[in-house]
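Report on the structure
Chain residues, written in single-letter form:
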Amino acid sequence: MTDLLRLNDLDSICSALWRSGAVGDCRRQALQLIEQAGAADDVRAQARGWLHRARCDLSQSAFLDMLEAARRAEALLQAGESDRDLVQAHAMVCISATALNRPDEAIEAGLLARHLAEDGESASDRYLAAEALAQAFSWAGQLDPALDSFDRALGHARSAAGGGQEAQVLIERACTEAKAAPLPTPAALTTDVYVKY
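Residues numbered from 1 in each chain as written. Predicted model: local features only at pLDDT ≥ 70, side-chain atom pairs only at ≥ 80, totals over all residues. Heavy atoms only, no water.

**Some words on the overall build of the chain**
The helix and strand tally for the chain stands at 10 helices and 0 strands. Starting at the N terminus, the α and β elements of the chain follow one another as α-α-α-α-α-α-α-α-α-α. Look at the contacts in the chain between residues 6 or more apart in sequence, and 55% of them connect residues 24 or more apart. Roughly 10,700 Å² of accessible area belongs to the chain as shown, and the carbon and sulfur atoms make up 54% of that amount. (Helix = DSSP H or I, 4+ residues; strand = E, 2+ residues; numbered from the N terminus. Contact = heavy atoms within 4.5 Å. Areas by Shrake-Rupley, 256 points an atom, 1.4 Å probe, with all protein chains shown as cover.)

Here it is as structure tokens:
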């Protein structure tokens, strides 16, 4: 029981450190959590340690390391029941694979995250999954699915407690629409200049 409490304490410490921006300290605590959870044969705590590592890698834009950490968390959680940790692991794989320009891998992970999140009760998980998938579709050049996912993310952001992500989703959605808009031709630009002046 002492080991279990210790693992829960480490998990809480990692979360608090990451939220405060102490990424280096969070990474060290996450490694300790992974090591102690492995020794205690606690798969869930070990996976949470890898999720903390992935979050640290995200804040430092170390996307290859983030992908590896998220994949390790995924592998540990696949044996357990589908829950919030697995949604987050899939979403982190989606985010890192998008940043690494691996669209197929990103979309597959994003779809898994969205499917699990839709079955769950957490609006913030549904937001995370939909927003990550929207970015994956956007960067893969798939406009319609991206806009649909941004719309889903917006709805989930509005219903999530302590939301505030609505503005971010609207900006990301507008950027996706702008990327898809045709650029004006030089002739059209010249005509506009003459009409204005």
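Past the structure itself, the notes keep going.
**What about helix α5 (residues 84-99)?**
Between its first and last C-alpha, α5 extends 23 Å over 16 residues, near the 22 Å set by a 1.5 Å rise per residue. Burial of α5 is extensive: 13 of the 16 residues sit out of reach of the surface. At the N-terminal end of α5, a side-chain oxygen is found 3.2 Å from the backbone nitrogen of D85, two or three residues along, and the residue is D83. Following α5 by one or two positions, N101 adopts a phi angle in the positive range, close to 60°. (Expected span 1.5 Å × (residues − 1). Buried < 20%, exposed > 50% of the residue type's maximum accessible area, 1.4 Å probe, protein only. Polar contact = N/O pair within 3.5 Å; in protein donor to acceptor, adjacent residues only side chain to side chain.)

**Quick notes on the environment of R126**
Mapping R126 onto the fold places it in helix α7 (residues 123-139). The exposure class of R126 is buried, given its relative accessible area of 16%. In the structure, R126 is positioned 38 residues away from Q88 in sequence and 10.0 Å away in space, judged by C-alpha atoms. Setting aside residues no more than four positions away along its own chain, R126 makes contact with A117, E118, G120, E121 and H156. In this structure the side chain of R126 is engaged in a polar contact, spanning 3.1 Å, whose partner is the backbone oxygen of G120.

**Examining the confidence of the model for the chain**
This prediction gives the chain a mean pLDDT of 86; 85% of its residues lie at or above 70. Here helix α10 (residues 186-196) stands out as the element of the chain with the lowest mean pLDDT, 50, in contrast to α5, whose mean of 96 is the highest. In this model, residues 193-197 is a region of pLDDT below 50 whose contacts with residues beyond four sequence positions or in other chains number 0 contacts. (pLDDT = per-residue confidence, 0-100.)

**Observations regarding the environment of E108**
Among the structural elements, E108 can be located in helix α6 (residues 103-119). Classification of E108 by relative accessible area gives exposed; the value is 52%.

**Side note on helix α2 (residues 23-39)**
Side chains of residues three or four places apart in an α-helix project in the same direction, reflecting 3.6 residues per turn. Between its first and last C-alpha atoms α2 spans 24 Å; for 17 residues at 1.5 Å apiece the expected length is 24 Å, and the two agree. Turning to α2, its buried residues number three or more, namely V23, C26, R27, A30, L33, I34 and A37. Within α2, the buried residues cover an arc of 120° as seen down the axis, which keeps them to one side. Opposite the buried face of α2, by more than 90 degrees, sit the exposed residues R28, E35 and A39. Directly beyond the C-terminal end of α2, a positive phi value near 55° is found at D41. (Arc of directions from axis to C-beta.)

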